[in-house]
Amino acid sequence: MAEMLKQLLEFKQTDRKWHLPVLAGLCVGLPVLAGYFTDNLQDGKLVSMAALVILYIQSQSIARRMIVLMASSFGIMVSYAVGALFGFNPVVASLVLGLYAFTVHLVLYYLKMVRPPGNFFFIMIASVAISLPHNLETVPHKIGLVGIGTMISCLLGLVYSLVTLRNTNAADEVITVTKNQYINFVESVTFGFFVGVSLLIAHLFELDTPYWVPTSCAAVMQGISATHIWQRSAQRVLGTFIGLVLTWFILLLNPSMLVITLGIILLQIIVEFLIVRNYGIAVVFITVLTIFLAETGTALTINPSELIQARFFDILTGSIIGAIGGWILFNERLQFIATRQIRKTRISLVRRKL
């Protein structure tokens, strides 16, 4: 128990530079500030959410860094488009989100983009879009906003790279995890299945903002082992609870929308500083940040107590589903049985063709 508590509170060493969190804060903060001052705060928040693509800036080579950033930007736009187009029915939405999560997880391995945040933001954006009221007339406008957010990140990312990598001669390292193709397929199926099921469960519970459940599920399943999954699940639940209490206190003070807008910038910087050092403590601030970003102004001010209770149930539900999915994801016996069956099926199909 003491060892587990120590792991939950341990601050890890990292080589992440201090200016990367500041860059993330600028990318997220500029659009939301523009939205506030032009009386289009919700549009500004959507642009800010898309600007989170800046977190895929990972390479030590400017060329590869920008290629990955632009490819991720395209992926973010596709994610929102898929969600916006298929949110007309809860069952269809759950099926499409599951298939999309499966595809993203499968493809990112072959594109060698397995480093954190991995598939998370693609699934998050798709989950948000697919859970919004279905209105095809607004889709082009909103995809345009998403595109603006990714362009802001690409532009700031390029300037940042030119400044910080100007005197850097380090060789670019592409970290890859070698997997059997069948194992990667099984992992992708598992990931897609649980993300899709989590959204379906959210609809069955008739949650007012169902995207919190698949987003939490995907976040928990980002772990690198079964133990890490359970640890991350515990950290997410505990951190979420503390974060919701903190959010409740902040909302009771009835802050202005300008204060909340400035808070989003500060919170993004804090989150990026903490996320690589201690996930549990970072979740406290992630919770406050995501509520400020995802909720409308009226939801934040009318009844904060009801809002906090609803979000805790949403995130707890998603975290439990993600923990179960993570256990299956890293269960070696189940992986062996599944991969063996896929091999048998493939061999059988080849023989039939011959």
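Source: prediction; values computed, not measured.

A. Spotlight on the overall build of the protein chain. Along its length, the protein chain carries 15 helices and zero strands. With 354 residues in all, the protein chain has 48% of them scored as buried. For the protein chain, contacts bridging at least 24 residues in sequence account for 80% of all contacts bridging at least 6.

B. Local environment of the packing of helix 2 (residues 19-37) against helix 3 (residues 41-50). Between helix 2 and helix 3, the shortest axis-to-axis distance is 7 Å and the interhelical angle comes to 170°. With respect to each other, helix 2 and helix 3 are oriented roughly antiparallel. Residues Val28, Pro31, Val32, Gly35 and Tyr36 of helix 2 pack against Leu41, Gly44, Lys45, Val47 and Ser48 of helix 3.

C. Layout of unusual backbone geometry. Positive phi, normally seen in glycine, also occurs at Asp39, with a value near 60°. The phi angle at Lys112 is positive, at roughly 60°, despite the residue not being glycine. Here Lys112 lies in the loop between helix 5 (90-110) and helix 6 (120-131).

D. Broad picture of the side chain of Ser216. By the element assignment, Ser216 lies in helix 9 (residues 212-220). With residues up to four places along the chain from it excluded, the contact list for Ser216 reads Arg236, Ile315, Gly318 and Ser319.

E. Looking closely at the packing of aromatic side chains. On inspection of all chains with the given rule, the structure shows eleven aromatic pairs. For the ring pair Tyr56 and Phe121, a centre distance of 6.3 Å and an interplane angle of 75° mean the geometry is edge-to-face. One end of the pair, Tyr56, is in the loop between helix 3 and helix 4 (62-85); the other, Phe121, is in helix 6, with 65 residues separating them in the sequence. The buried category is assigned to Phe121, whose relative accessible area is 10%. Note on Phe241 and Phe312: the rings are 5.8 Å apart at their centroids and 70° apart in plane angle, and the pair reads as edge-to-face. Separated by 71 residues along the polypeptide, Phe241 in helix 10 (residues 226-252) and Phe312 in helix 14 (residues 304-329) bring together distant segments of the chain. For Phe312, a relative accessible area of 26% corresponds to the partly exposed category. Here the aromatic residues Tyr56, Phe120, Phe121 and Phe122 are joined through ring pairs into a cluster of three or more. Over the face of the ring belonging to Phe273 we find Arg277, whose NZ or CZ atom lies 4.0 Å from the ring centre.

F. Focus on helix 11 (residues 257-274). Taking 1.5 Å per residue as the helical rise, helix 11 with its 18 residues ought to reach 26 Å, and the 25 Å between its terminal C-alpha atoms agrees with that figure. For helix 11, the complete set of buried residues consists of Ile260, Thr261, Gly263, Ile264, Ile265, Leu267, Gln268, Val271, Glu272 and Leu274.

G. Fine view of the nonpolar core. In this structure, Ile54, Ile76, Phe121 and Phe292 are the most contacted members of the largest nonpolar core, which totals 82 residues. Excluding residues within four positions of it along the chain, Ile76 makes contact with Ala50, Val53, Phe121, Phe122, Ile125, Val146 and Thr150.

Reading guide: rules and limits
- Residues numbered from 1 in each chain as written.
- Predicted model: local features only at pLDDT ≥ 70, side-chain atom pairs only at ≥ 80, totals over all residues.
- Heavy atoms only, no water.
- Helix = DSSP H or I, 4+ residues; strand = E, 2+ residues; numbered from the N terminus.
- Buried < 20%, exposed > 50% of the residue type's maximum accessible area, 1.4 Å probe, protein only.
- Contact = heavy atoms within 4.5 Å.
- Axes fitted to C-alpha atoms, helices over the stretch in contact; angles between N-to-C directions.
- Parallel < 35°, antiparallel > 145°, perpendicular 65-115°, else oblique.
- Phe/Tyr/Trp six-rings, centres within 6.5 Å; stacked < 30°, edge-to-face > 60°.
- Lys NZ or Arg CZ within 6 Å of the ring centre and 35° of its normal.
- Expected span 1.5 Å × (residues − 1).
- Core = buried A, V, L, I, M, F, W, Y, C linked by side-chain atoms within 4.5 Å.

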